[in-house]
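# Survey of secondary and tertiary structure
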Amino acid sequence: MKPFFANEQGYFGEYGGAFIPEILYKCVEELKNSYHSIMDNKDFKKEYESLLKDYVGRPSSLYHAKRLSKKYGCKIYLKREDLNHTGAHKINNTVGQVLLAKHMGKTRIIAETGAGQHGVATATVCALMNIKCIVYMGKTDVERQRVNVEKMKMLGAEVRPVTSGNMTLKDATNDAIRDWCSNPKDTYYVIGSTVGPHPYPTMVAELQSVISKEIKEQLLEKESRENPDYIIACVGGGSNAGGSIYHFLDNEKVKLILCEAGGKGINSGFSAATIQLGKKGIIHGSKTLVMQNEDGQIQEPYSISAGLDYPGIGPIYPYLKKRNRAKFLAINDDEAMESALELTRLEGIIPAIESAHALASLKKIEFNKKDIVVVTISGRGDKDMDTFLNYFESHEML
Ligand SMILES: *Cc1c(COP(=O)(O)O)cnc(C)c1O
């Protein structure tokens, strides 16, 4: 099963496709038809691989977490994407796409960002490659994510606050697409997850697949076997999860556990668990499950982690769910926060709140002692310190 290779029209089963304004058709076709040949080019490969190694800091370590393993009665390895430059997996994708844009002769980069992490990862690579960068961000998010806005400005990017709708991610996305429509010739749109019109979901998964490629090599070295029993990752749009499962999809013996943000509980009205709550719809140019109300209006998702509150999900995930290839869990705020503190105290690693959703699933699975379990730590918790401290102090956990 190689489902990241969608069919020619970009469908994973009934999900995916490219629902875009007519004016972008040529742009998206150009991207679809050229990205493989550019990325397979020797010069591109050499530059990309050397940036991943020396700039991002790859391979990221696969760390045997002994105290965590003891607690859960299995052998747990952490795939440490938190150690990457800029503190998360997102840079794997932005390095690849901005480099691709340069090779395509584009002179202007646009991106949208919610929590600001993708904006920072894009602005970082644009500074490195000396290319103009404009980041669309809902005004509400600009106010909530001050530090990331300052980082983007310091990196030389222009942050454009979006004041339509709820002034959050989906509104920023609409404005980015509008910009792209006005500047289709010179502009490249860097999408931050396995979402958006075909070929983005496949392309982003391919760029992130370095994660599972390394897991295989590292497990072979440490355990004399390439395949773990479990891969566990959190899912917002699905890029760290996609990269983590990519090379294991065709091996049904590797169990895939994907963790969405349950928020305050899936029945509370405050949740971001799109697989559990979403209905078929179109978002961001793709047919997938979408959090929406009875009128088909997008419902603002909620999660304590800013990186998981996306109202859609990459189109491959409803397909994996339907095929029963992956198990999806909704992890609530409280469970994630408890697991973040647990990892911090057991291993001296402060994870991103997003990544803590993956860790919380350890409490919900019955492992065998011999099981080898890989949990992807998608990012580090530095950005979340205010949220952590407020939460732990008000819950008397510190
Ligand atoms: C953005 C982000 C996520 C969620 O995005 P995916 O595309 O689902 O991976 C998860 N973890 C961290 C640390 C992030 O910054």
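As a starting point, this report considers the structure included with it.

### A word on the layout of surface pockets
Considered as a void within the structure, the second largest pocket measures approximately 580 Å³ in volume. For the second largest pocket, the lining is made up of 22 residues, of which Tyr48, Glu49, Glu206, Val210 and Lys213 are closest to its centre. Broken down by secondary-structure element, the contributors of at least two residues to the lining of the second largest pocket are helix H1 (25-40), helix H2 (42-56), helix H9 (200-208) and helix H10 (210-223). Per-element tally for the lining of the second largest pocket: the top contributor is H2, with 6 residues. Residue composition of the lining of the second largest pocket, grouped by class: 9 nonpolar, 4 polar and 9 charged.

### Re the sheet that holds strand S6 (residues 132-138)
Taking strand neighbours across the sheet as the criterion, the 4 strands line up as S7-S6-S5-S8 in an open arrangement whose pairing is parallel. The sheet is open, and its two borders are formed by strand S7 (158-162) and strand S8 (187-190), each paired with just one other strand. When strand polarity is set aside, the average angle formed by the axes of neighbouring strands in this sheet is 25°. As paired strands, strand S5 (residues 108-113) and S8 are joined by 4 bridges and run parallel to one another. Bridge pairing in S8 links Ile110 to Tyr189.

### Remarks on the side chain of His118
By the element assignment, His118 lies in helix H5 (residues 117-129). His118 has contacts with Lys90, Asn93, Thr94, Ala111, Glu112, Thr113, Val190, Ile191 and Gly192, leaving out every residue within four places of it along the chain.

### A look at the site of the ligand
The ligand sits among 17 residues. The nearest are Lys90, Ser193, Gly236, Ser239 and Ser378. The separation between an oxygen atom of the ligand and a polar side-chain atom of Ser193 is 2.6 Å. Within the side chain of Ser378, one N or O atom sits 2.7 Å away from a nitrogen atom of the ligand. Within the shell around the ligand, the residues separate by chemical class into 4 nonpolar, 11 polar and 2 charged.

### Side note on the side chain of Ser378
By the secondary structure assignment, Ser378 is in the loop between strand S14 (372-377) and helix H16 (385-394). Reaching out from Ser378, the side chain makes a polar contact with the side chain of Ser355 at a distance of 2.7 Å. Those residues within four positions of Ser378 in sequence are excluded, and the remaining contacts are Glu81, Asp82, Gly87, Ala88, His89, Cys234, Asn240, Glu354 and Ser355.

### Quick word on empty space enclosed by the protein
Enumeration according to the criterion identifies 1 cavity of 30 Å³ or more in this entry. Put simply, the largest cavity is a space of about 60 Å³. What lines the largest cavity is Cys27, Glu30, Leu31, Met104, Lys106, Trp180, Thr187, Tyr188, Tyr189 and Tyr200. Taken together, the residues that form the lining of the largest cavity break down as 7 nonpolar, 1 polar and 2 charged.

Procedures and definitions
Residues numbered from 1 in each chain as written. Predicted model: local features only at pLDDT ≥ 70, side-chain atom pairs only at ≥ 80, totals over all residues. Heavy atoms only, no water. 1 Å grid on protein atoms, 1.4 Å probe; cavity = no way out; pocket = protein on both sides within 12 Å on 5 of 7 lines; lining within 4 Å. Points joined across faces, edges and corners; volume = space filled by probe spheres on them. Helix = DSSP H or I, 4+ residues; strand = E, 2+ residues; numbered from the N terminus. Nonpolar A, V, L, I, M, F, W, Y, C, P; charged D, E, K, R; others polar. Pairing = 2+ DSSP bridges. Axes fitted to C-alpha atoms, helices over the stretch in contact; angles between N-to-C directions. Contact = heavy atoms within 4.5 Å. Near = heavy atom within 4 Å. Polar contact = N/O pair within 3.5 Å; in protein donor to acceptor, adjacent residues only side chain to side chain.

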